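The primary structure of each chain is shown beneath.
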Amino acid sequence: MGLPRYGRPKGFEGDSSPNLYVANCGPAVGLSYDSIASVFSAFGELKGVFAADDSGARVIVSYRDESSATAALEAFDGHPCPDLGGRSLHIRYSVLQPTSQGQVSDSVPVSLMASELNIPGLYLLQDFVSIKEEEELLAAVEAKPWKSLAKRRVQHYGYEFCYETRNVNTRQKLGVLPTFVSLILERISSFPNLDDSTNIVLDQLTVNEYPTGVGLSPHVDTHSAFEGFIFSLSLAGPCIMEFRQYAECAWLPNHTSSPNMKTESLENDKSFLRRAIYLPPRSMLLLSGEARYAWHHYIPHHKRDLLSTIHLGGCLAVF
């Protein structure tokens, strides 16, 4: 759904930031993200190394504090780096900014880590699958039949979600989940922040393909259709997901909620909190607790986009 946009911090030219924009560095010039992280971690704890754009030759190195970024900039900017193939790096401070195409993305800061959003129950694991595993998953998904909706294609496993009623018919099981999700199921069982993963069973899977420019409207997944844990694996490209918490919405995690949730009043309600997070490819997002029930999540629609994205969304029943 597009790459995040980075720019200089607002204010004076000398203002610093924990994020560094590093040019002449990345997979396109023979440098893996792991090797880049290994070199830059000598200056402090990293949040991660991310693609700055789709060139493969520019990255964002994100630290937990500004002093580490300053030390790395002073050491590497304009100088050959022996541990990175002797390449001369060109570095400046950078801040993560939302894309200007989204309806409300022009003023909400975009976080790189779930903990920065202060939304209880929201977790993000980067590199949940490897690049090779991502390729295998995409090939397996593409080999299965798709169902075409108005703006995207979907696949349903376990139980089919009915978009007209916004619910599932639990009496009509589609069968077992496909074998290509076996590795995902194994890793979910050891997912951090789960109180008792042995009592969690994945019984429904939806594959969503979001073509270039297509997003997802703000919503809370139907209470009665899905249980308390929702996992979403991003494949084929990154995206920015946003969250809204409306003042008039009560947190009611129960099974009696209406599946036909009325959103007209919410669309006109300007009293809401907003958060945004960058979801890199191969990352797994978990919505639970407050993040699951009290926050609307969505992907802003864009007029222009660089990449399409596929999301494998699993819904969990807890027994």
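Residues numbered from 1 in each chain as written. Predicted model: local features only at pLDDT ≥ 70, side-chain atom pairs only at ≥ 80, totals over all residues. Heavy atoms only, no water.

An unreviewed UniProt entry annotates the protein chain as RRM domain-containing protein originating from Carya illinoinensis.

Caption draft 1: Looking closely at the packing of aromatic side chains. Inspection of the entire model under this criterion finds four aromatic pairs. Their ring planes at 75° and their centres at 5.1 Å tell us that Phe-40 and Phe-76 sit as a pair that is edge-to-face. Of this pair, Phe-40 sits in helix 1 (residues 33–40) while Phe-76 is found in helix 2 (residues 66–76), placing the two residues 36 residues apart along the sequence. Assigned by exposure class, Phe-40 and Phe-76 land together as buried. Connected via pairs of aromatic rings, a cluster forms that spans Phe-40, Phe-43 and Phe-76. Here the basic side chain of Arg-92 rests over the ring of Tyr-21, its NZ or CZ set 4.4 Å away from the ring centre. (Phe/Tyr/Trp six-rings, centres within 6.5 Å; stacked < 30°, edge-to-face > 60°. Helix = DSSP H or I, 4+ residues; strand = E, 2+ residues; numbered from the N terminus. Buried < 20%, exposed > 50% of the residue type's maximum accessible area, 1.4 Å probe, protein only. Lys NZ or Arg CZ within 6 Å of the ring centre and 35° of its normal.)

Caption draft 2: How the structure looks around the environment of Leu-138. Tracing the backbone through its elements, the reader meets Leu-138 in helix 3 (residues 131–142). A relative accessible area of 24% places Leu-138 in the partly exposed class. Placed 97 residues apart in sequence, Leu-138 and Leu-235 show a C-alpha to C-alpha distance of 7.6 Å.

Caption draft 3: Just the nonpolar core, in detail. By size, the foremost hydrophobic cluster in this structure holds 22 residues, and its most contacted members are Phe-128, Ile-184, Phe-231, Leu-233 and Met-284. Where this core is concerned, the elements lending two or more residues are helix 3, helix 4 (182–188), strand 13 (200–210), strand 15 (229–235) and strand 18 (284–288). The biggest single contributor to this core is strand 15, with four residues. In this structure Phe-128 touches Ile-184, Arg-187, Ile-188, Phe-191, Leu-233, Arg-282, Ser-283 and Met-284, once residues within four positions along its chain are discounted. Listed in part, the 21 residues of the second largest apolar core include Leu-20, Phe-40, Ala-72 and Leu-84. (Core = buried A, V, L, I, M, F, W, Y, C linked by side-chain atoms within 4.5 Å. Contact = heavy atoms within 4.5 Å.)

Caption draft 4: Quick peek at the pairing of strand 10 (residues 153–157). In terms of residue burial, strand 10 counts as a mostly covered element, since four of its five residues are buried. Pairing analysis gives two bridges linking strand 9 (residues 147–148) to strand 10, with the strands arranged antiparallel. When the sheet's bridge partners are listed, Lys-147 is paired in strand 10 with Val-154. From the end of strand 9 to the start of strand 10, which pair antiparallel, there are four residues. (Pairing = 2+ DSSP bridges.)

Caption draft 5: Spatial organisation of unusual backbone geometry. Non-glycine residue Asn-24 carries a positive phi angle of around 65°. Inspection of the secondary structure assignment puts Asn-24 in the loop between strand 2 (19–23) and helix 1. By relative accessible area, Asn-24 is classed as partly exposed at 24%. Unusually for a residue other than glycine, Ala-236 sits at a positive phi of about 80°. Assignment of secondary structure puts Ala-236 in the loop between strand 15 and strand 16 (239–246).

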